[in-house]
Structure formats: structure tokens, C-alpha cells
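Reading the structure
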There are 2 protein chains.
Amino acid sequence: MGSDRAPAVEVEGGVAACAQLSDDDTIVLVGNKPAIQKALARQKGPQDKIEIVHANQRIGMNESPVESLRTKPNSSIAVLAQLHAEGAIEACISAGNTGAFVSATQMRLRRLRGVHRPGVGIMIPTLHGPVVLCDGGANMSCRPRHLYQYAIMASIYMETVYGVKNPRVGLLSVGEEDEKGTDLVRAANGLIKRDSSIYFIGNVESRDLFHGACDVMVCDGFVGNVVIKLIEGMSGGLIRDILNNLKDLTTSTPELRQIAMRAAGQTLETYDFNQHGGAPVLGVGGIVILCHGANSCLGMTNAVLLAHKYARHKVNQRITERLTQDERTGNG
Amino acid sequence: MGSDRAPAVEVEGGVAACAQLSDDDTIVLVGNKPAIQKALARQKGPQDKIEIVHANQRIGMNESPVESLRTKPNSSIAVLAQLHAEGAIEACISAGNTGAFVSATQMRLRRLRGVHRPGVGIMIPTLHGPVVLCDGGANMSCRPRHLYQYAIMASIYMETVYGVKNPRVGLLSVGEEDEKGTDLVRAANGLIKRDSSIYFIGNVESRDLFHGACDVMVCDGFVGNVVIKLIEGMSGGLIRDILNNLKDLTTSTPELRQIAMRAAGQTLETYDFNQHGGAPVLGVGGIVILCHGANSCLGMTNAVLLAHKYARHKVNQRITERLTQDERTGNG
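Just so it is clear, the structure is predicted and the values come from calculations on it, not from any experiment.

**A closer look at the side chain of B:Ser76**
All names here are of chain B. Locating Ser-76 in the fold gives a position in helix H4 (residues 76-86). Judged by relative accessible area, which is 11%, Ser-76 ranks as buried. Setting aside residues no more than four positions away along its own chain, Ser-76 makes contact with Met-1, Val-30, Gly-31, Ala-55 and Gln-57.

Okay, here's the thing in C-alpha cells:
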């Protein structure tokens, strides 16, 4: 639970996901039991794969993560993390307070062996195909070796879950030359470059995101979060603007306006975060999928399918194998 | 000189600007004299306010700034900075290699008294009116007091040149709460907050840029540059995408396509950087306007008018007065 329209979208999205899961899969809905049951009663699909675990507290979107976890041990987020840590579930998904969810899961699930700091891998839809940006906001005090590990973890994620062979990795900077950017970026560039297992294309600029320059874009969590929120704010703003202009120009011809709306709608769909469902926290000791508070039912369904794919492709096992190999060879 | 289409746009833009300047103003075109004369011969407007200073070297867009200034003392950028330092001109404008232009002018003109580090003030057009972002890319290793001074300098710029009374200042972070973000952002928040002469609305997020939340957005030069280039890449990409969709949907009705193109064109115009001409380096000991390499004639004309306005409103004098006052009171 936890989205802006909880529990409706979680319940409907979960029921819709059931049809696409295997017989031995179960979806556990964690939250206010009566509310979930009420929402389930409105669903038409089969509910045999659904279980409910009651959680009687709720962490608001603006509550302090650490403080709220301390005072609300029975919040759906805390219970979710606890269930995962106990092995009762194999993955957890939430559209609630992101900071609280990341804190709770890091606290309960720790890090995968070999990982210095987890990072969020956010899929950005572009006209040239999806790009994974890492870190999208988990790590505000990045070191070069964190960025180096993000390059590796996001590459594994891109390759296994999205089937992109040998993903091209770009390091976000303010120019293509190696010496451009901050001390952090320069040091990370050096670390990533010397690892021949990474298909590193060098520094990239933010505008390259939309030009198909790379499949993975690495940056610190502050910059990543600024990028994600800017794309969100701008795509909405620009499209609204064009629609307004179209409206003014087509007042006398409604059929024309319809066509124009469809064109803008198609573009909006390309950039719709619901297409990808959610973003995994790469490097945490479990499967943790963060969802947007405004996720739709489709978004929730896709988040479940993403978690499923993430488990099936053994992403975490691959990350640990790769990064403990680094430990042995002295890299990172 | 120095734009992608130099010297044509500089010459045409300069001649067009003449008509809007006072009788005692002069525009000095610095670059290859024969090429400039050839371009001037094609212009119809009066050229009595135009002078030419010959510079026989050219710094390419991808040359190393410091190295190129050393080896090319007769480049238009080096000559421009020298002319300004000697007092032969009151402002300099270039669409050439940004790094070289910033380096040359900082080297020759130094900083205004009281300023720790200059920052670029970039005007971002939005539906809710323009927002100045500072720093747009001059300072890659910002300290809290640099961000604090950017808040002051950009406020003065916004108030004098754009006539926005008491501009609202936001500090770019990953959440509105004071404790969100990096150590740098938290420390800068504290510094800006305690100065009651700044209309500080607190932390803002990148998506707020398009919601009219603030008139000035403060951030470090790395983040600022990422933001600017992302907006540039995305506005182009999104609009191209919508146009493509419209094309597919309107193949049978050309008049409809025309209307759609007009709507998208209006939006593109709103976001066109040429509307603002260029971006001043705030805090440098002179008037230095950076232009986009792809500037049009209109962009060059607007850059000249911006420099003129900047001089007329005594922006630099106000900055020095304000920041040396800080020195006396122990702020900053």
C-alpha cells in the first residue's frame, strides 16, 4: 500500500498481475485489512494467489523516514521490510514514503555482499529506448567507488531484466572529456575506465539521455534525483503547453482537436513512468521496488512483474558474484 | 564571433541591435576582419555604430580552454577579454568556446570586490515566467558561501534587469525539508536563511522550475549545467516526438498538420534560448555575456541588449555594494 490512491490501485494492480504469474506465486497485500478486503470485493479477476497481512499504521508522505519507522513499527512499510527479512516474501514493493521504505529495507535487509552503497536504478523511457539511471536518489554522499559499483549493478540489471546485451555505460558530467566535471566524477571515470568488463563510453551530458547515447547513465543520488524530477516536471509542463496552444488553434474544429490530443497522448505514454512500474534498489539484500506515489493500476501490475523478473533472473546473485570477484582481485 | 554560424549571425545580430542603442554606443566586432567586412557588406541597416578589431586566431569548440588561451593570444576570445580589461569596451559577448571565454575573462577581469566565486546566471523560460538559475556551470567545486552569494547576485540581476521585485529564491534540492540533500545544500540553506535581505522560500525541487515556485534557483555549477542541458535536450526531443506523432495522424489532412506545427512552434518559441540572448557571468569584474553556440541573429541582438541593460542598471556596482556590506557585517 502507500500510493496516492491506496489501496485501490495496489489491489486492482495486484489482482491483474496474478493472471501473469505462475501457479506457485503469491501476492501478499500488506496494509489495512478491512480496506483491502473491501477493495478486493470490487475486483472481478481470480484472487486465489492473494494473501493479506494486516498493518494498522500508515507513514505519511511528508513524515521523517527514520522518526516514523521508530514510532510506527506496524506501518505497512515496516511490516513489509520485516516480512522480507524473515523470508516470508521474496520481494517487496511500495508506492509510499520513499525515504521510509528505503531506510526500512536497508535496515532490515542490509546490503548484498560486496556492495558499498545501494543505489536506485530508474528506467527512463526515451525515443531511442529505455535508459537506466543510477543512482536515482538513495545516496547523497557518493564516493567514486559507489559510482563505479552503480555502473556494474545497473549494467547487470539492464542486461538481465531488459535483455540489452553489453549495455553502454555513460558517466553523467558537463562535457565528454575525461577531465570535465567534479572531483568525484573525474575519480569515478578513472575507476570505471580501468574495468574492461564494463562497456564504458566515457562521460555523457544530460541532453544525451534523449539521443540514445547510452543504455546506463551513472551519477550520484542528488544529481540523479534532480534529473528524474526535472524530466517529470518538464514532460508534463511541455505537453500541457502544446495542448493549450492546440486548443486555441482548433476551437472551431473539434475533430482536429481530437487528433491533436491523440498525438500528444501517444507522446505522454512513451514517457509514462507506469510503463516500467517501479525502480529497484540495486545492492540491497533483497528485492525492493520503489513505486511512484501517483502509480496507476497498470504501474502496480508492472511493478509486480518487474519484481518477478528481477527474482527469476537472479539479479542479486549476479551482483554479488560480480562484486565479490572484485573483492578478490582487489578492484573497487 | 565564435558561434556555429560565425561571423554571419554576430554581424547581422549586431547591426540589428544598433537601431535600439543610444547614439553614443558602439558595437565592436572582434574576429577575422576580412570575413566580418564581407558579412557587413551584405547588411542593409546603418553601420555607423560598428567598429572592427582584427583577431587572427580561433579557438575551436573542443579545445582545452587554458591550453588554447596560452597558445592563441590573438584569438577573438583572448582579444575580447584584453579589450575589456583595458577599458576599451564595457562589456564582452561570445558564442564561442564557453570554458575558454570564462577562463579568459576571469583571468583578465578578476572578480568583483566581495565576490568569492563568479557564477553563470541562466534565464530559463517557463510558462510561469522566466527563472534565473545560478550557477549554470562556472563553478564545479562550490562551497556553501558560493551558493549564498549566488542567491544574492542572481536576485540583484533578476530585480534590476528583469524588473522582478523581491525575487523569490529557491535552493535546488531533492525535497522541500531543510535537512534534505547534500552537506553542501544543507549548509547553504542555513547561510541563506539567516540573511533576511534574501526572499528565501527554502529548498525547491527540479520539477518546481516549471510550476512557478521561484524566480531564482540556486545550485552548484555541476548540477546547474546538468539541468540546463537536460532542458535543452528534452524540449527538442519531446517536441520532435509530438510532431512525428502528429505527422502520422495527419497525413491525409495537410491543413491540420499546419495548425499542429504552429502549436508546437509556439511552444518551442517559449523555450527558445534566443529570446534571452545570453547568460551573464555574475561576480566577474566586468560584463561578460555567454551565448549559446547555436544562437541566431535574434539571439545575438538580444545578447547585446542584455549587456546594455546590465550596464545601465549598474548590476556589478550593486553586487559589490551588497557583498562588501557583508564583509563589513561579517556575513558570508
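Having seen the structure, we can now continue with the description.
**Considering the sheet that holds strand S7 (residues 199-204) of chain A**
Two modes of strand pairing occur in sheets, parallel and antiparallel, and in both the strands are linked by backbone hydrogen bonds. Residue and element names in this part refer to chain A. Strands sit in the order S3-S10-S9-S4-S5-S8-S6-S7 across an open sheet of eight strands; the sheet is mixed. Each edge of the open sheet carries a strand with a single partner, namely strand S3 (92-94) and S7. Between one strand axis and the next, the sheet turns through 25° on average, direction left out of account. In terms of strand pairing, strand S4 (residues 119-124) meets strand S5 (residues 131-134) through four bridges, oriented antiparallel. For Gly-121, the partnering residue across the bridge sits in S5 and is Cys-134. The strands touched by helix H6 (residues 144-161) within the sheet are S4, S5, strand S6 (168-172), strand S8 (216-218) and strand S9 (279-282), with S8 carrying the most contacts at an inclination of about 160°.

**Focus on the sheet that holds strand S10 (residues 288-290) of chain B**
All names here are of chain B. Spatial strand order, S3-S10-S9-S4-S5-S8-S6-S7: eight strands in an open sheet with mixed pairing. Edge positions in the sheet fall to strand S3 (92-94) and strand S7 (199-204), since each has one partner strand and no second. Averaged over all neighbouring strand pairs, the angle between strand axes comes to 25°, with direction disregarded. In the sheet, strand S6 (residues 168-172) pairs with S7 via five bridges, with the strands oriented parallel. Note on S7: the bridge partner recorded for Leu-171 is Asn-203. Docked against the sheet, helix H6 (residues 144-161) engages strand S4 (119-124), strand S5 (131-134), S6, strand S8 (216-218) and strand S9 (279-282), running at close to 160° with respect to S8.

**Some remarks on the interface of chain A and chain B**
Listed as interface residues are 45 residues of chain A and, on the opposing side, 45 residues of chain B. Buried surface at the junction of chain A and chain B, both sides included, amounts to about 4600 Å², of which 74% is carbon and sulfur. Joining chain A to chain B, the criterion identifies four salt bridges. Between A:Lys229 and B:Glu205 there is a salt bridge, with its nearest N and O atoms 2.4 Å apart. Linking chain A to chain B there are ten residue pairs in polar contact (both at pLDDT 80 or more). Breaking the side of chain A that touches chain B down by element, the ones donating at least two residues are helix H8 (221-249) and helix H9 (254-270) of chain A. With 20 residues, the single largest contributor to the side of chain A that touches chain B is H8(A).

**Some words on the pattern of salt bridges**
Under the defined criterion, the tally for this structure stands at 20 salt bridges over all chains. Two residues, A:Arg168 and A:Asp215, come together in a salt bridge whose shortest N-O distance is 3.0 Å. On the criterion of sequence distance, the pair formed by A:Arg168 in strand S6 and A:Asp215 in the loop between S7 and S8 is long-range, its members being 47 residues apart. Judged by relative accessible area, A:Arg168 falls into the partly exposed class, the value being 25%. Residue B:Asp178 pairs with B:Lys193 through a salt bridge whose shortest N-O separation is 2.5 Å. Separated by 15 residues along the polypeptide, B:Asp178 in the loop between S6 and helix H7 (183-193) and B:Lys193 in helix H7 bring together distant segments of the chain.

**Examining the packing of aromatic side chains**
Summed over all chains, the structure comprises four aromatic pairs over all chains. Each ring, one from A:Tyr157 and one from A:Tyr162, has its centre 5.6 Å from the other, and the planes form 85°; the classification is edge-to-face. For A:Tyr157, a relative accessible area of 0% translates into the label buried. Ring centres of B:Tyr157 and B:Tyr310 lie 6.0 Å apart, and the angle between their planes is 50°; this geometry places the pair in the tilted category. Linking B:Tyr157 in helix H6 with B:Tyr310 in helix H10 (residues 297-312), this pair joins segments that are 153 residues apart in sequence.

**Comments concerning a positive patch on the surface**
There is a patch of like positive charges on the surface, built from A:Arg110, A:Arg111, A:Arg117, A:Arg143 and A:Arg145. Checked against the element boundaries, A:Arg111 lands in the loop between helix H5 (98-109) and S4.

**Considerations on H9(A)**
Residues and elements named next belong to chain A. With 17 residues, H9 extends 25 Å between its outermost C-alpha atoms, agreeing within 8% with the 24 Å of an ideal straight helix rising 1.5 Å per residue. Among the residues of H9, Leu-256, Ala-260, Ala-263, Ala-264 and Thr-267 are the ones counted as buried. An end-on view of H9 places all buried positions within 90° of arc, on one side of the element. For H9, the exposed residues lying more than 90 degrees away from the buried face are Pro-254, Glu-255, Gln-258, Arg-262 and Glu-269.

The rules we used
- Residues numbered from 1 in each chain as written.
- Chains lettered and ligands numbered in written order.
- Predicted model: local features only at pLDDT ≥ 70, side-chain atom pairs only at ≥ 80, totals over all residues.
- Heavy atoms only, no water.
- Helix = DSSP H or I, 4+ residues; strand = E, 2+ residues; numbered from the N terminus.
- Buried < 20%, exposed > 50% of the residue type's maximum accessible area, 1.4 Å probe, protein only.
- Contact = heavy atoms within 4.5 Å.
- Pairing = 2+ DSSP bridges.
- Axes fitted to C-alpha atoms, helices over the stretch in contact; angles between N-to-C directions.
- Buried area = accessible area lost by both parts, 1.4 Å probe.
- Salt bridge = Lys/Arg side-chain N within 4 Å of Asp/Glu carboxyl O.
- Polar contact = N/O pair within 3.5 Å; in protein donor to acceptor, adjacent residues only side chain to side chain.
- Phe/Tyr/Trp six-rings, centres within 6.5 Å; stacked < 30°, edge-to-face > 60°.
- Patch = residues over 30% accessible without salt bridge, like charges linked within 9 Å, V, L, I, M, F, W, Y side chains within 5 Å.
- Areas by Shrake-Rupley, 256 points an atom, 1.4 Å probe, with all protein chains shown as cover.
- Lys, Arg positive; Asp, Glu negative; His and termini not counted.
- Charge placed at Lys NZ, Arg CZ, Asp CG, Glu CD.
- Expected span 1.5 Å × (residues − 1).
- Arc of directions from axis to C-beta.

That is the geometry; function is a separate question.
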